[in-house]
Amino acid sequence: MISALMPTFNRADLAFERGEGAWLMTADGRRFLDFGAGIAVSSLGHGHPRLVNAIAEQAARVMHVSNLYRIPQAEALARKLVDNSFADSVFFCNSGAEANEGMVKMIRRDQARRGHPERTRIICCDGAFHGRTLAMLAATGNPAYLDGFGEPVAGFDHVPFNNLNRLRDAITPETAGIMIEPIQGESGIKQADPHFMRGLRQACDEMGLVLAFDEVQTGMGRTGKLFAHEWYDVKPDIISVAKGIGGGFPLGAILATEEVASHMTPGSHGTTFGGNPLACAAGNVVMDELMAPGFLAHVRKVGDALGAMLDGLVVEWPEIFEQARGRGLMRGLRCRPPVATVLNAAMHEGLLCVTAGDNVLRLVPPLVVTEEDCRTACARLARAAKAMLAHEKTNARTVTA
Ligand SMILES: *Cc1c(COP(=O)(O)O)cnc(C)c1O
């Protein structure tokens, strides 16, 4: 019989009762080091006192009023995001897919209002992940995700990641914009080349296209800058953000330049929940922490240290780990055995990670992790590697015997 909770996920048989910083605890007292952070979401770690208090206090005052009224918490958060980015204006929603949907609407509207209603198509990359709504499935383009859900929503073209010539060739009179992840997360922590990123900006300027970055996973400090595109010194016209922005509370956002945002007049887009006082109370704490002196420098320092430790694991356990990738606290380890096996072996050693495409084990800990936490995580990965090799040898002996 089907489970009451719809079985769309392969869940580990673990339930956590509480968390503290980078640690999660089960009811029976087992402690796990959390390098998955709920898929790059719990940016301030678990049980962060300021975040917990802000949510509790706001919940007691007023959680939701709708966007029919002013929401000071949303105004304050938008101001902080604008003051610290390329953007002039922000729209709040509830998830990454919803942010991307709104972003595509804004790209199309910008073209329509500038006299090009025929420009509706968005160029995306192979290996992209933009979410699970009908349009974002088409933008993602992964056949496995589209299977059984009918005709993909029209308007999305795909080119190989990091191939500027193929991207330029794909631009047609109907192209409205380009939507790219600066580091592809779900498909295996693949970084955009600086040359590719600069070329995107150039192509958009030449052809009058809108440059959009999906920073749902890479944004909000994950790579050691507030947004990953800052590493490339390339200014987008619009970006989407979600995952880490609420520190675990559902919140998404679209950040745009005035040029793009100015076409979004009253009634052009909407949301019931988006940007409510409770979600924005959480978002304000996250943003304040990220912008506090030294926070992003901490992410860069610990991220570099983690990167070096992962390189060490590749040298030490070449039969298990093939390559380390990533930036800041968005890291990946390409594995030789199936990554699901490595994930389970790590879990057995008390380390939680996430899988990604390309047989990559994804390490996206809370941004507050310490170097000591990273050493513990890597020691656990080494133990997992050792256990996997011992297991392989036992199996080999059994087969020979
Ligand atoms: C997770 C993710 C999404 C989808 O976010 P949801 O909140 O699950 O809808 C979109 N884009 C990227 C890059 C992501 O990592």
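This structure is a prediction, so every number in the text was calculated from the model and none was measured.

**A word on the domain arrangement of the protein**
Alright, step 1. Per the domain assignment, the segments of the protein are domain 1 (49–290) and domain 2 (293–400).
Alright, step 2. On a C-alpha basis, the centroid separation for the pair domain 1 and domain 2 is 29 Å.
Alright, step 3. In this assembly, 20 residues from domain 1 lie in contact with 20 residues from domain 2.
Alright, step 4. In total, domain 1 and domain 2 occlude about 1,800 Å² of area from one another, counting both sides; carbon and sulfur atoms represent 60% of this.
Alright, step 5. Applying the counting rule to domain 1 against domain 2 returns 1 salt bridge.
Alright, step 6. A salt bridge links R362 to E186; its shortest N-O distance comes to 3.1 Å.
Alright, step 7. Our enumeration of links across domain 1 and domain 2 arrives at 9 residue pairs in polar contact (both at pLDDT 80 or more).
Alright, step 8. Breaking the side of domain 1 that touches domain 2 down by element, the ones donating at least two residues are β9 (190–191) and α10 (277–291).
Alright, step 9. In terms of residue class, the side of domain 1 that touches domain 2 is made up of 6 nonpolar, 9 polar and 5 charged.

**A word on the environment of A261**
Alright, step 1. Position of A261 relative to the elements: it lies in helix α9 (residues 258–261).
Alright, step 2. For the pair A261 and V159, spaced 102 residues apart in sequence, the C-alpha separation works out to 27 Å.
Alright, step 3. What A261 contacts, discounting residues up to four positions off in sequence, is S89 and A256.

**Let's talk about the site of the ligand**
Alright, step 1. Close to the ligand lie 13 residues, the nearest being G96, A97, D214, Q217 and K243.
Alright, step 2. In this structure, an oxygen atom belonging to the ligand sits 2.6 Å away from a side-chain N or O atom of K243.
Alright, step 3. Isolated, the ligand exposes 390 Å² of accessible area, and the fraction of that covered by the protein chains is 81%.
Alright, step 4. The element that contributes the greatest number of residues to the shell around the ligand is helix α4 (residues 96–113), accounting for 3 residues.
Alright, step 5. When grouped by side-chain class, the residues that make up the shell around the ligand number 3 nonpolar, 6 polar and 4 charged.

**Describing the pattern of salt bridges**
Alright, step 1. All chains considered together, the criterion is met by 22 salt bridges.
Alright, step 2. Where D288 meets R50, a salt bridge forms, and the shortest distance between an N and an O atom there is 3.4 Å. Of this pair, D288 sits in helix α10 while R50 sits in helix α2 (residues 49–61); the two residues are 238 residues apart in sequence, bridging distant segments of the chain.
Alright, step 3. According to the relative accessible area criterion, D288 is partly exposed, its value standing at 29%.
Alright, step 4. In this structure, R375 and E372 form a salt bridge, with 3.1 Å as the shortest nitrogen-oxygen distance.

How each quantity is defined
Residues numbered from 1 in each chain as written. Predicted model: local features only at pLDDT ≥ 70, side-chain atom pairs only at ≥ 80, totals over all residues. Heavy atoms only, no water. Domains from an automatic or database assignment. Contact = heavy atoms within 4.5 Å. Buried area = accessible area lost by both parts, 1.4 Å probe. Salt bridge = Lys/Arg side-chain N within 4 Å of Asp/Glu carboxyl O. Polar contact = N/O pair within 3.5 Å; in protein donor to acceptor, adjacent residues only side chain to side chain. Helix = DSSP H or I, 4+ residues; strand = E, 2+ residues; numbered from the N terminus. Nonpolar A, V, L, I, M, F, W, Y, C, P; charged D, E, K, R; others polar. Near = heavy atom within 4 Å. Areas by Shrake-Rupley, 256 points an atom, 1.4 Å probe, with all protein chains shown as cover. Buried < 20%, exposed > 50% of the residue type's maximum accessible area, 1.4 Å probe, protein only.

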